[in-house]
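So the chains spell out like this:
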Amino acid sequence: MLRRDFLRRAAAVPLASGAGALWAASAATPRLLVVFLRGAYDAASVLVPVGSDDYYEARPRIAIARPGSGADAALALPDQSDWGLAPAWAESLLPLYERGQLAAIPFAGTHDLSRSHFETQDRIELGQSDDPAAVRDFRSGFLNRLAEVLGARDAIALTSDLPLILRGAVKVPNLALGSVGRGGVDARQTDLIRQMYAGTQLAGPVNDGFDVRQAAQRELMGGMEAASRNAITARGFEGEARRIGRLMRERYRLGFVDVGGWDTHVGQGAGTGALATRVGELGNGLAALAQELGEAAWRDTVVVVLSEFGRTFRENGNRGTDHGHGSTYWVLGGSVRGGRVAGEQVAVRQATLHQNRDWPVLNDYRGVFAGLFQPMYGLSPAQLGRVFEGVTPQPLGLV
């Protein structure tokens, strides 16, 4: 092997960042997985405001038709006349909603008005004050602070780089599942790299990083064998979600994964099309995650799906939508009290739009998360304040 190749592969070693020892799993604590849809998905194409005439007027070419009006129409939700569900979730998440394991929180998000993907993603992941004048600490994400408060939960980022949300005082590894088992560093090279770092300050993180990778490979071995026999694909979110399910069932209690491809300025489609395909893949993945966790683990799991902001209420000239404000968050899990549309709401009309163009934010993301964390983990106000300083929890009764 050329030296430059060795150094390149050594640089790809999965270091576990931060200080301290890797956590030991605790079998009695709830699992939490945060799924971040990067690119700002069009919430109105997933939780469809079917009761709004203004919605259909504002989107003459991309609105999803009312339930019962065609093959690609929105799905009717029990006890709901104002909202419908994306038809792409007919086989995947509608059953979870009907079983009371899925809830929607419309008009959710941050009060940041930059409409910048990166700016808003950073703000949400940090979970710090929305005050534009406040100084942000980029060393501390809110999931890492939650991990620190909980003290002994296994956490992992299923991403190629450690995201802001899991940066902080607690050591958290990151692992891009799509790269596991592909190329990388073999056993001999692993030993060489361990020896290279032995006796240095990086020895611990390097060893921990390899341990995490090897544990993940062991967990995935069964799945890879199944792939050749039962055509389980390793491509797309569904494949990754199954891997995440296996990892979290066996070892991890706190996880984060991001899914890209939601910035639909052009040709997003309606009940079918580019966005509907992506929404379908997301739904299939989340349903697969529940299946892979198994009934017992699913009962102890809460999944929160969010995005940095919503999109414009009106369609643009390219049959797409532009950067907006309020979004819809999704909460699902085996013990979630779902089957409903939760949180503060307002009729979807032209007159209720934020700045005459977007859904408003009525459910602040910090309050929503705090309202989940408090009952999930039994956090005191002081502990909750360490995760989200100055937050007022929004109790939605979902867990």
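Residues numbered from 1 in each chain as written. Predicted model: local features only at pLDDT ≥ 70, side-chain atom pairs only at ≥ 80, totals over all residues. Heavy atoms only, no water.

*Asks:* Please clarify how empty space enclosed by the protein should be interpreted in this entry.
*Replies:* Gaps left between atoms are located by rolling a probe of water-molecule size over the structure's atoms. Taken as a whole and assessed by the stated rule, the structure comprises 5 cavities of 30 Å³ or more. Roughly 40 Å³ of volume is contained in the second largest cavity. Along the walls of the second largest cavity sit Asp42, Ala43, Ala44, Arg59, Gly310, Arg311, Thr312, Phe313, Gly326 and Trp359, which together make up its complete lining. Taken together, the residues of the lining of the second largest cavity break down into 4 nonpolar, 3 polar and 3 charged. (1 Å grid on protein atoms, 1.4 Å probe; cavity = no way out; pocket = protein on both sides within 12 Å on 5 of 7 lines; lining within 4 Å. Points joined across faces, edges and corners; volume = space filled by probe spheres on them. Nonpolar A, V, L, I, M, F, W, Y, C, P; charged D, E, K, R; others polar.)

*Asks:* Would you mind showing me how to read the environment of Ala296 here?
*Replies:* With respect to the element layout, Ala296 can be found in helix H9 (residues 274-299). Once the C-alpha coordinates of Ala296 and Gly334 are considered, the two residues, 38 residues apart in sequence, prove to be 8.4 Å apart. (Helix = DSSP H or I, 4+ residues; strand = E, 2+ residues; numbered from the N terminus.)

*Asks:* Would you take a moment to explain the pairing of strand S6 (residues 102-109) for this structure?
*Replies:* With 8 of its 8 residues buried, S6 lies for the most part within the structure. Inspection of the sheet shows S6 paired to strand S12 (residues 340-341) by 2 bridges, in the parallel sense. In the sheet register, Ala103 faces S12, and the bridge partner there is Arg340. Here S6 runs beside strand S13 (residues 363-364); their pairing, made up of 2 bridges, is parallel. (Buried < 20%, exposed > 50% of the residue type's maximum accessible area, 1.4 Å probe, protein only. Pairing = 2+ DSSP bridges.)

*Asks:* Looking at this structure, I do not really get the packing of helix H5 (residues 142-150) against helix H10 (residues 365-377). What am I missing?
*Replies:* Two quantities define a packed helix pair, namely the angle between the axes and the distance from one axis to the other. Here H5 crosses H10 at 20 degrees, and the two axes come no closer than 13 Å. Relative to H10, the element H5 is oriented roughly parallel. The way H5 lies across H10 gives a crossing that is right-handed. Within the contact between the two elements, H5 uses Phe142, Leu143, Leu146 and Leu150 and H10 uses Phe369, Phe373 and Tyr377. Split into classes, the residues belonging to the contact of H5 with H10 amount to 7 nonpolar, no polar and no charged. (Axes fitted to C-alpha atoms, helices over the stretch in contact; angles between N-to-C directions. Parallel < 35°, antiparallel > 145°, perpendicular 65-115°, else oblique. Left-handed = near helix turned anticlockwise from the far one by under 90°. Contact = heavy atoms within 4.5 Å.)

*Asks:* I keep staring at the pattern of salt bridges and nothing clicks. Help me out?
*Replies:* Any two side chains of opposite charge can pair, on the condition that their charged atoms come close. What the rule picks out here adds up to 18 salt bridges. Here Asp358 ties to Arg115 by a salt bridge, and the two come within 2.5 Å at their closest N and O atoms. Taken together, the residues span a long stretch of sequence, with Asp358 in the loop between S12 and S13 and Arg115 in the loop between S6 and helix H4 (117-126) at a distance of 243 residues. Arg115 gets classed as buried once you look at its relative accessible area, which sits at 17%. (Salt bridge = Lys/Arg side-chain N within 4 Å of Asp/Glu carboxyl O.)

*Asks:* What is the right way to look at the packing of aromatic side chains in this model?
*Replies:* How two aromatic rings sit relative to each other is given by the distance of their centres and the angle of their planes. Counted according to the given criterion, the structure contains 13 aromatic pairs. Each ring, one from Phe107 and one from Trp359, has its centre 5.1 Å from the other, and the planes form 40 degrees; the classification is tilted. In this pair, Phe107 is assigned in strand S6 and Trp359 in the loop between S12 and S13, connecting sequence segments 252 residues apart. Residue Phe107 shares its accessibility class with Trp359, and that shared class is buried. (Phe/Tyr/Trp six-rings, centres within 6.5 Å; stacked < 30°, edge-to-face > 60°.)

*Asks:* What is the right way to read the environment of Pro106 from this model?
*Replies:* One can find Pro106 in strand S6. According to the relative accessible area criterion, Pro106 is buried, its value standing at 0%. A sequence separation of 222 residues divides Pro106 from Thr328, and the C-alpha atoms of the two residues are 4.1 Å apart.

*Asks:* Sorry if this is basic, but what is going on with the pairing of strand S11 (residues 327-332) here?
*Replies:* When a strand is regular, its side chains alternate between the sheet's two faces. Across the 6 residues that make up S11, a large majority, 6, are buried. Here S11 shows a buried face lined by Ser327, Tyr329 and Val331 and a second buried face lined by Thr328, Trp330 and Leu332. With 5 bridges joining them, S6 and S11 adopt antiparallel strand pairing. Along S11, the bridge assignment pairs Ala108 with Ser327. Examined bridge by bridge, strand S10 (residues 301-307) and S11 share 3 bridges and lie antiparallel to one another. Bridge assignment links Val304 to a residue of S11, and that residue is Val331.

*Asks:* Could you clarify how one ought to interpret H4 in this entry?
*Replies:* Every α-helix carries 3.6 residues per turn, so stepping three or four residues along brings you back to the same face. Most of H4 is tucked away: 7 of the 10 residues are buried. Where H4 is concerned, the buried positions are His117, Thr120, Gln121, Arg123, Ile124, Glu125 and Leu126. Buried residues belonging to H4 abut strand S2 (31-37), H5, strand S9 (254-259), S10, S11 and H10. Looking one or two residues past H4, Gly127 carries a phi angle of roughly 65 degrees, positive in sign.

*Asks:* Just to check I follow, could you spell out the sheet that holds strand S5 (residues 84-85) for this structure?
*Replies:* The strands that make up a sheet pair up through hydrogen bonds in the backbone, lying either parallel or antiparallel. The 3 strands are arranged S3-S5-S4 in an open sheet whose pairing can be described as antiparallel. Only two strands of the sheet have a single neighbouring strand rather than two, namely strand S3 (47-48) and strand S4 (75-76). Judged from the 2 bridges that link them, S3 and S5 form a sheet pairing that is antiparallel. Across the sheet, the residue bridging to Leu47 is Leu85, located in S5.

*Asks:* How should I be thinking about the nonpolar core in this particular structure?
*Replies:* The tendency in soluble globular proteins is for nonpolar side chains to be buried side by side. Counting residues in hydrophobic clusters, the biggest one holds 60 residues, and the most contacted among them are Val35, Leu286, Val303, Trp330 and Trp359. Of all hydrophobic cores here, the second largest spans 44 residues; its members include Val149, Phe256, Tyr365 and Phe373. (Core = buried A, V, L, I, M, F, W, Y, C linked by side-chain atoms within 4.5 Å.)

*Asks:* Would you mind going over the packing of helix H8 (residues 236-250) against H9 with me for this structure?
*Replies:* Remark: H8 packs on H9, axes separated minimally by 8 Å, with the N-to-C direction vectors making an angle of 20 degrees. The orientation of H8 with respect to H9, classified from their angle, is roughly parallel. The crossing of H8 and H9 is right-handed. Contact residues: Phe237, Glu238, Ala241, Arg242, Ile244, Gly245, Arg246, Met248 and Arg249 in H8; Glu281, Leu282, Asn284, Gly285, Leu286, Ala288, Leu289, Gln291, Glu292, Leu293 and Ala297 in H9. Broken down by class, the residue content of the contact of H8 with H9 amounts to 10 nonpolar, 4 polar and 6 charged.

That's the geometry; what it means functionally is another story.
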